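These are the residues of each chain, in order.
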Amino acid sequence: MSVIRNPDTMAKETQHATLRTNRPFRSILLRLTFLCICCSVLVGCNAASSYPVLALTGPWEYAVLPPDSGPDSFAELEFRPVDADLRYVNNLHPDGTGTILLRSRFTLPPELREVPIAVLLGRTRMTDRTYVNGHYVGGTGVFPPPPTNPWNAVGIYPIQKPLLQNSSNTLLVELYFSKYEGGVLDTPLIGERTSMEDQAALRTLYHQDIHRIAAILTVVAVGLFLVIAYKRRHEPKYILYTMALAAYMVYSINNFIWGVPYLRNMPVFQSLPVIKVFWCAIFIYLLFTTEFMKVFLERVRARWIIRIAYLVTGGVCLALIAAPSMEAFEYTRRYVLPFLLVLIGLNFFWVIEAYREKFPYVLPLLFNMLFVIALAVHDILNGLLVLHLPFYAPFAIPLFLLGIGVILINQFVNAHNEVERISVELDTLNREVMLKNEELSRLDLLKDEFLANTSHELRTPLNGIIGLAEAALNSDGTNAARQEQDLRMIVSSGRRLAALVNDILDYTRLKNSDIIHKLRAVNAAQLADLVIELS
């Protein structure tokens, strides 16, 4: 028969099983981190090997193009310094919609004068034509752009050697933009052609393909965790994670729209209210992630922190929604972004605190956060030091959500397996209880038979004693021989009754292996005569 185990022992076994389960996850995460870093270094070294790269960070100048103007009239334009971000040059146009011309000057280093080179303009909004020293080298889309304009495509244009000068060269970028958006989204680069083609392929991967894949996977993950959250609805952590995933899904839909020209050029997705919704979703995502971490890591004393986070997030979303214009929205967004860093720091502090307490599942969670933080630091250094390495920001958040999702699914599977194991044990115990009940029923039946047989055996000498005693009472006392015989029979019946009682006691001693056997001769004829007389 199985024995029900101590709950403390079961808890220790579950914790040990958790630690054993964490080891493959930790190994995979370490290998993935090492692989990403190695690939990043190799790609960056390949892009920057042997040849320098010119990053056209400035100074830039701009001029407003009149309608129906061509390259022949560029020399007559009056250029002014660009005092804004190249991503939002639409603010420089007085009408908010039209064409603007950007200009930057560069000098080729000696290493690039003898090799094929190209200009990596990157992504532009909404369409562009690029010129080097007054000669057209390439462009993306048409003027004015149709709804299916590939504005999010990475523009890379080869530059023929006869067009370049050893001294100063001029790069002109003609841009068409709308009221809400217009500009150059990436830092333009000039370098060796093969290196620029590698950079263009990486930018296409990180700025288009990754966004689409992450958006589709996020929608699938939301559907999966809706089912898990329903099955585990008594556990708030699954509900909170699903809500955080749903909030990020809203933001990832925006990224997916960025990769589909027809959708992005629809007026509804270019409107300020929709942009506000997408940005509020990212703040709500981090809020639900923070509350999830508080519940998952059992930070009971952090309730007041969550309440403050709710209040601040609500205030941030109201401030973003109340922005009357795109300029006001960008100004507000720039000043509320540090709040996200505060929440990220709070989550990391909780993870470190739980790690010191040896909390279950905290080790893979710590590796997950360190992995994402390493990617963020990589991107920051990449931007500050101009390393020309690929940026990992497009999939940093999806990787973080994927890591947490793997942990939750692991817990869900372990809980399901534990329930199945307990169910099997309960079935085994139930079968054993049923067998014991059948055995007890059989013993109860034997007990009833024993009592019936015993009562019959005891009743026979008692009836004999009672009958002989009544006969002796009713006799007139004249037949002394008959009375003596009756008294002897009464004594014999009493002895038989005592023998039956002794037999019952002997049965008890026999069951306990405590009986002492006394062997002696028996007069069978006398016993037979006695039975006949009593019958």
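For the structure itself, consult the block above.
First, a word on scope: everything that follows refers to the structure included in this document. Sequence order as written defines residue numbering, which begins from 1 separately in each chain. Residues qualify for local features only when their pLDDT is at least 70, as the model is predicted, and side-chain atom pairs are given and counted only at 80 or more; totals for whole chains, interfaces and linings, by contrast, use all residues. With hydrogens and water set aside, each side-chain value is computed from the structure's full complement of heavy atoms.

**Description of helix H9 (residues 338–356)**
(1) Moving on: When the terminal C-alpha atoms of H9 are compared, their 27 Å separation across 19 residues agrees well with the 27 Å that a helix rising 1.5 Å per residue should span.
(2) Moving on: Using a 1.4 Å probe on the protein chains alone, a residue whose accessible area is under 20% of its type maximum counts as buried, one over 50% counts as exposed, and one in between counts as partly exposed. The way it works is that DSSP assigns letters per residue, a run of H or I at least four long becomes a helix, a run of E at least two long becomes a strand, and they are numbered from the N terminus. Residues of H9 that are buried: Phe339, Leu340, Leu343, Leu346, Asn347, Trp350, Val351 and Ala354. Axial view of H9: buried residues confined to an arc of 135°, hence all on one face. Exposed and oriented more than 90 degrees from the buried face of H9 are Leu341, Val342 and Arg356.
(3) Moving on: Looking one or two residues beyond H9, the residue adopting positive phi is Lys358, at roughly 55°. Each helix should span, by expectation, one fewer than its residue count multiplied by 1.5 Å. The arc under discussion is defined with respect to the helix axis, by the directions toward the C-beta atoms.

**Focus: the pattern of salt bridges**
(1) Moving on: Basic side-chain nitrogens of Lys or Arg form a salt bridge, by our definition, when they fall within 4 Å of a carboxyl oxygen of Asp or Glu. In total, this model carries 11 salt bridges according to the counting rule given.
(2) Moving on: Notably, a salt bridge pairs Arg299 with Glu357, separated by 2.8 Å at the nearest N-O pair. Residue Arg299 is located in the loop between helix H6 (272–296) and helix H7 (303–322), and its partner Glu357 is located in the loop between H9 and helix H10 (362–385); the two are separated by 58 residues in the primary sequence.
(3) Moving on: In this structure, Arg421 engages Glu418 in a salt bridge whose closest nitrogen and oxygen atoms are separated by 2.2 Å. Residue Arg421 and its partner Glu418 are located together in helix H11 (residues 396–474), separated by three residues, close to a single helical turn.
(4) Moving on: Among the residues examined, Arg421 registers a relative accessible area of 25% and is labelled partly exposed.
(5) Moving on: Within the structure, one salt-bridge network assembled from shared partners comprises Arg123, Asp186 and Arg203.

**Some points on H7**
(1) Moving on: Under the 1.5 Å per step criterion, the end-to-end length of H7 is 29 Å for 20 residues, consistent within 8% with the ideal 28 Å.
(2) Moving on: Those residues of H7 that are buried are in contact with H6, helix H8 (326–336) and H9. Contacts between residues were defined by any pair of non-hydrogen atoms, one from each residue, lying within 4.5 Å.

**Overview of the sheet that holds strand S8 (residues 135–140)**
The strands that make up a sheet pair up through hydrogen bonds in the backbone, lying either parallel or antiparallel.
(1) Moving on: Whether two strands pair depends on DSSP finding at least two bridges between them. Spatial ordering of the open sheet is given by S3-S2-S4-S10-S7-S8, a layout of six strands whose pairing is antiparallel. Edge positions in the sheet fall to strand S3 (80–81) and S8, since each of these pairs with one other strand and no more.
(2) Moving on: Pairing between strand S7 (residues 127–132) and S8: five bridges, direction antiparallel. Looking at S8, one finds that Tyr131 is bridged to Tyr136.

**Describing the sheet that holds strand S9 (residues 155–159)**
(1) Moving on: Pairing is antiparallel in the open sheet, where four strands are placed in the order S1-S12-S5-S9. Of all the strands in the sheet, just strand S1 (54–55) and S9 have a single pairing partner and so form its edges.
(2) Moving on: The sheet contact formed by strand S5 (residues 117–122) and strand S12 (residues 189–192) spans four bridges and is antiparallel. Bridged to Val119 within S12 is Ile190.
(3) Moving on: With axes taken as lines fitted to C-alpha atoms, and helix axes fitted only over the stretch in contact, angles between N-to-C directions fall between 0 and 180 degrees. Each of S5, S9 and S12 is contacted by helix H2 (residues 193–231), which is oriented at about 130° to S12, the strand it contacts most.

In short, geometric facts, not functional conclusions.
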